[in-house]
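# Architecture at a glance
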Amino acid sequence: MRILLTGTGAADGIPAFAAESRVSNFAREHGGKDIRTRAAVIDDQLRLDFGPDTFAQVQKLNLHVRDWKAILFTHSHDDHYAPKELQYLFPPFVNGEFKPPTVYGNANILDGFEGSFGQASHLPRTLIKSFESSKILGYTVTPILAYHKLDEDSMNFIIQSDKTFLYATDTGVYQDATWEFLQGWKFDAAVIECTDGVRPTEYWGHLSCDELIGMVGRLRTMGCLSERSRVVTTHHSAAGMATHAELEACLNPHGIEVGFDGMLMEI
Ligand SMILES: [Zn+2]
Ligand SMILES: [Zn+2]
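Remember, predicted model here, so these are calculated numbers, not experimental data.

## Details of the overall build of the protein chain
A tally of regular secondary structure across the protein chain gives six helices and 13 strands. On C-alpha atoms alone, the protein chain measures out to a radius of gyration of 18 Å, which is about the 18 Å that the 2.2 N^0.38 rule sets for 267 residues. Summarising its shape, the C-alpha atoms of the protein chain cover approximately 50 × 45 × 35 Å along the three principal directions. With 267 residues in all, the protein chain has 46% of them scored as buried. Once local pairs closer than 6 in sequence are excluded, the contacts in the protein chain between residues at least 24 apart make up 66%.

Written out as structure tokens, the structure reads:
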């Protein structure tokens, strides 16, 4: 399984649009791994979220959107879900034989496409629910309930082929139902958010470095992550007050790698 982290930023991205901060200014000056947009692709065919950065990622990373057969949406926050952008997957913006990808998401996601652009009703779409597995493009995809946007079925994804991968953006610290469901799962790799970095907040819907270390520790204790399992971060906010190098200094001693835009994981 090839996991391409096309983006590893939170809602504000880094550098944040208009914010002046040490981390944003460092990114503006140094570029490289400190520039963070949002979302991921599996095996060049399964897109995870489709936010407003997608077009720029396609250009920067030379991605082939015609190969994307399905899009899984985690939840409907704007940094993950830009429904109008999918209009460019329909004529007159595409030519020849082209079948738009099937979109998978919760009811808010699917309803949100209605009327969002002229041909939205032609977009193939399938409802998925937390804790119910589906076969998608030969993968078994099992959404699990995140503790994040509580007015909808906010999901993280377990994606299985010959390997088992956990994609956990916008998690918050899982609640009991999710921990219970995770008993017995074994992940070859996990990508987990670290939005709040070294500046914890009162908001429960995201993880700081300390909360991430706690969650990874619990997953290791449960046997869901082994010594061989790669753990990589994503969804970093400028408000987390840490540069890429500072995040590495905090997380690498705990066996956690810091993700960056364009990082390719092969598991
Ligand atoms: Zn987000
Ligand atoms: Zn969110």
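That shown, we press on.
## Quick notes on the sheet that holds strand S7 (residues 134-136)
Either a parallel or an antiparallel arrangement is found when strands of a sheet pair, and the pairing is made through backbone hydrogen bonds. Overall, mixed pairing links the six strands, which are arranged S7-S8-S9-S10-S11-S12 in an open sheet. Looking at which strands have only one partner, the edges of the open sheet turn out to be S7 and strand S12 (225-234). Along the sheet, successive strands turn relative to each other by an average axial angle of 25°, direction set aside. The pairing of strand S10 (residues 164-168) with strand S11 (residues 187-193) spans four bridges and is classified as parallel. Of the residues in S11, the one forming a bridge with Tyr167 is Val191.

## Points about unusual backbone geometry
Glycine aside, a negative phi is what most residues show, and trans is what most peptide bonds show. Ile14 connects to Pro15 through a cis peptide bond whose omega is -5°. Its place among the elements puts Pro15 in the loop between strand S1 (2-8) and helix H1 (22-30). Pro91 connects to Pro92 through a cis peptide bond whose omega is 5°. Here Pro92 is to be found in the loop between strand S4 (70-72) and strand S5 (102-105). Phi at Ala39 takes a positive value of approximately 110°, unusual for a residue other than glycine. By the secondary structure assignment, Ala39 is in strand S2 (residues 38-42). For Asp170, which is not glycine, the phi dihedral falls at a positive 55°.

## Things to note about the sheet that holds strand S6 (residues 125-127)
Strand order in the open sheet formed by seven strands is S6-S5-S4-S3-S2-S1-S13, with mixed pairing between adjacent strands. The strands lining the two open edges of the sheet, one partner per strand, are S6 and strand S13 (263-266). The mean inter-strand angle of the sheet, taken between neighbouring strand axes irrespective of direction, is 20°. Relative to strand S3 (residues 46-48), S2 runs antiparallel, the two sharing three bridges. Paired with Ala40 across the two strands is Leu48, which belongs to S3.

Thresholds, definitions, all that
- Residues numbered from 1 in each chain as written.
- Chains lettered and ligands numbered in written order.
- Predicted model: local features only at pLDDT ≥ 70, side-chain atom pairs only at ≥ 80, totals over all residues.
- Helix = DSSP H or I, 4+ residues; strand = E, 2+ residues; numbered from the N terminus.
- Rg over C-alpha atoms; globule rule 2.2 N^0.38 Å.
- Buried ≥ 20, exposed ≤ 12 C-beta atoms within 10 Å, placed from the backbone.
- Contact = placed C-beta atoms within 7 Å.
- Pairing = 2+ DSSP bridges.
- Axes fitted to C-alpha atoms, helices over the stretch in contact; angles between N-to-C directions.

Structural measurements only, silent on function.
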